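# Descriptive structure summary
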Amino acid sequence: MKVLLIGSGGREHALAQALVRDPQLEELHVAPGNPGIAQIATLHALDIENNQEVVALAQRLTVDLVVIGPEKPLVNGVADALRAVGIATFGPSAIAATLEGSKDFAKQVMRDAGVPTARSFTCTTKAEMEKALDTFGAPYVVKHDGLAAGKGVVVTSDRQVALDHAYLSPRVVIEEFLDGPEVSLFGISDGSTILAMQPAQDFKRAYDGDLGPNTGGMGAYSPLPWAPTDIVEMTLTQVLKPTIAEMQARDTPFIGLLYAGLVLTSKGLRVIEFNARFGDPETQVLLPRLQTPLATLLYQAATGGLAGHPPLEWSTDSAVTVVLASDGYPVSPRLGDPITGVDSVVGADIYQAGTTLKDQVLHSSGGRVLSVTGVAADLTAARLKAYEGISQISLRGSHYRRDIALAASAPTEVGEN
Ligand code: AMP
Ligand code: GLY
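Residues numbered from 1 in each chain as written. Chains lettered and ligands numbered in written order. Predicted model: local features only at pLDDT ≥ 70, side-chain atom pairs only at ≥ 80, totals over all residues. Heavy atoms only, no water.

Another aspect to go through is the overall build of the protein. Counting secondary structure elements, the protein contains 13 helices and 24 strands. Relative to the globule expectation of 22 Å for 417 residues, the C-alpha radius of gyration of the protein, 20 Å, shows essentially globular dimensions. If you line up the protein on its principal axes, its C-alpha atoms span 55 × 45 × 40 Å. Residue burial in the protein is summarised as follows: out of 417 residues, 57% are buried. A total accessible area of about 16,600 Å² is found for the protein, and carbon and sulfur atoms account for 51% of it. Put simply, the protein has 32 plus and 46 minus side-chain charges, and the middle of one group is 4 Å from the middle of the other. (Helix = DSSP H or I, 4+ residues; strand = E, 2+ residues; numbered from the N terminus. Rg over C-alpha atoms; globule rule 2.2 N^0.38 Å. Buried < 20%, exposed > 50% of the residue type's maximum accessible area, 1.4 Å probe, protein only. Areas by Shrake-Rupley, 256 points an atom, 1.4 Å probe, with all protein chains shown as cover. Lys, Arg positive; Asp, Glu negative; His and termini not counted. Charge placed at Lys NZ, Arg CZ, Asp CG, Glu CD.)

To continue, consider the pairing of strand S16 (residues 255–265). Counting buried residues in S16 gives eleven out of eleven residues, a clear majority hidden from the surface. The pairing of strand S10 (residues 182–190) with S16 spans nine bridges and is classified as antiparallel. Bridge pairing in S16 links Ser-189 to Gly-256. In the sheet, S16 pairs with strand S17 (residues 268–275) via seven bridges, with the strands oriented antiparallel. Across the sheet, the residue bridging to Ala-260 is Phe-274, located in S17. Once S16 ends, the chain turns through two residues before running back antiparallel as S17. (Pairing = 2+ DSSP bridges.)

A word on the site of ligand 2. Taken together, Asp-202, Gly-216, Tyr-259, Asn-275, Arg-277, Gly-279, Asp-280, Pro-281 and Glu-282 make up the full set of residues near ligand 2. Within the backbone of Gly-216, one N or O atom sits 3.4 Å away from a nitrogen atom of ligand 2. The separation between a nitrogen atom of ligand 2 and a polar main-chain atom of Asp-280 is 2.9 Å. Contact with the protein chains covers 90% of the free accessible surface of ligand 2, which is 200 Å². In the shell around ligand 2, the residues fall into two nonpolar, three polar and four charged. (Near = heavy atom within 4 Å. Polar contact = N/O pair within 3.5 Å; in protein donor to acceptor, adjacent residues only side chain to side chain. Nonpolar A, V, L, I, M, F, W, Y, C, P; charged D, E, K, R; others polar.)

Looking only at helix H7 (residues 126–136), the buried set comprises Met-129, Ala-132, Leu-133 and Phe-136. Down the axis of H7, the sector holding all buried residues measures 100 degrees, keeping them to one side. In H7, the exposed positions that point more than 90 degrees away from the buried face belong to Ala-127 and Lys-131. Packing partners of the buried residues in H7 comprise strand S6 (120–123), strand S7 (140–144), helix H8 (159–167) and strand S9 (172–175). Of the residues flanking the end of H7, it is Gly-137, one or two places downstream, whose phi is positive at about 75 degrees. (Arc of directions from axis to C-beta. Contact = heavy atoms within 4.5 Å.)

Quick look at unusual backbone geometry now. Most of the time, phi is negative for any residue but glycine, and the peptide bond is trans. The omega angle of the peptide bond from Ala-31 to Pro-32 is -5 degrees, so this bond is cis rather than trans. Within the secondary structure layout, Pro-32 lies in strand S2 (residues 27–32). A cis amide bond, omega -10 degrees, links Ala-138 with the succeeding residue Pro-139. Here Pro-139 shows up in the loop between H7 and S7. Unusually for a residue other than glycine, Ala-405 sits at a positive phi of about 65 degrees. Note that Ala-405 resides in the loop between strand S24 (394–395) and helix H13 (406–409). Classification of Ala-405 as buried rests on a relative accessible area of 0%.

This paragraph deals with the pattern of salt bridges. Opposite charge on two side chains makes pairing possible when the charged atoms of those side chains draw close. What the rule picks out here adds up to 23 salt bridges. Arg-119 is paired through a salt bridge with Glu-176; the nearest N and O atoms lie 3.7 Å apart. Highlighted residues: Arg-119 in the loop between helix H6 (103–113) and S6 and Glu-176 in the loop between S9 and S10, separated in sequence by 57 residues. Taking the relative accessible area as the measure of exposure, Arg-119 reaches 54% and is therefore exposed. Ionic pairing is found between Asp-134 and Arg-159, a salt bridge with its closest N-O pair at 2.9 Å. Highlighted residues: Asp-134 in helix H7 and Arg-159 in helix H8, separated in sequence by 25 residues. By relative accessible area, which is 46% here, Asp-134 ends up partly exposed. Overlapping salt bridges bring together Lys-103, Asp-202, Lys-204 and Glu-273 as one network. (Salt bridge = Lys/Arg side-chain N within 4 Å of Asp/Glu carboxyl O.)

Here is the structure:
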């Protein structure tokens, strides 16, 4: 099988690593990729937001499958453009990707599908916004309706801060605050059948102790020893299956990865967000544990072939990933500094993201530079490997969290975040 993977982050590096492990894979092409991915795949320069360029590359390479990593091309309709010329594609249509692209659309689908989520109001006027905030009270949760690269959500007890954030967007979703640990749980869907992956937990705040600004994600681990044993089954029954059925009933089937961001409240699980693609950095802890061959699985999903598929197979190992962020991330990341020590890391896997080669030397080129994943028999040993690995790497001014999976690896802890 020949596969073209679109994207250039740590998520795509982990996807590439898992794709090449599949014995059915013959060729892996990645566009645009990064220097880490270049070691295991053929890279192609590409404007991934230009659908016609993506289609032309896939046709020129005569690939059997295109896998779309990031959300923006999906919301732009790249999967529609590829399917229109008969290319099997893992990634939802523009309409189905609206589950990520519009918080209001996601709420409508959840309401129609009976999926548990926070009560909410969609507001377009200042009066509606104020009324919604006062209906739920503090802490206030205000979400801009459209794609916002992690900057659209504010959770605050300050009514004025909540209002100021609401006024920045012509349409906002204001919802009740949900209390409890957060879980990311993904399903792989062919449009009518969905297979659940294992749960992971992401650390969204920049600094230790969940302090500082929101980020794209500073680390993750899987599995979650503290989570209810039936969490996968519960999410499948209450969230993933009804959502896929609702999208199919609307004649806009969701083919790709459905990312459910959940809060486990005292009253049961609730969805706080959907994404239409693999999570980053959750993918860097899930795929190293996945034993089902990935290229074959994504091809089956892209071609309507998941009915009757057995549940996904997982190693019993634990995985922890720690993100190395550049100086100033997430507010004003400084780029262009040399990175040393990557080649001396042993016993842990490095997934590159914001990296580039300058005169054959690796340099930083993004806010999240790379992540280091440790895999071992338990979380304590996995985090040790990840932290030993990341301590070998030097990048001026860079920072990483020291508490990824810390509470979960201590024997008495229940959830975090
Ligand atoms: P989202 O982009 O919707 O995942 O929101 C970003 C972060 O805001 C989440 O990871 C949560 O930590 C927080 N958040 C979002 N919605 C809620 C909510 N209803 N209650 C509490 N926290 C929330
Ligand atoms: N880790 C959060 C996300 O991928 O959206």
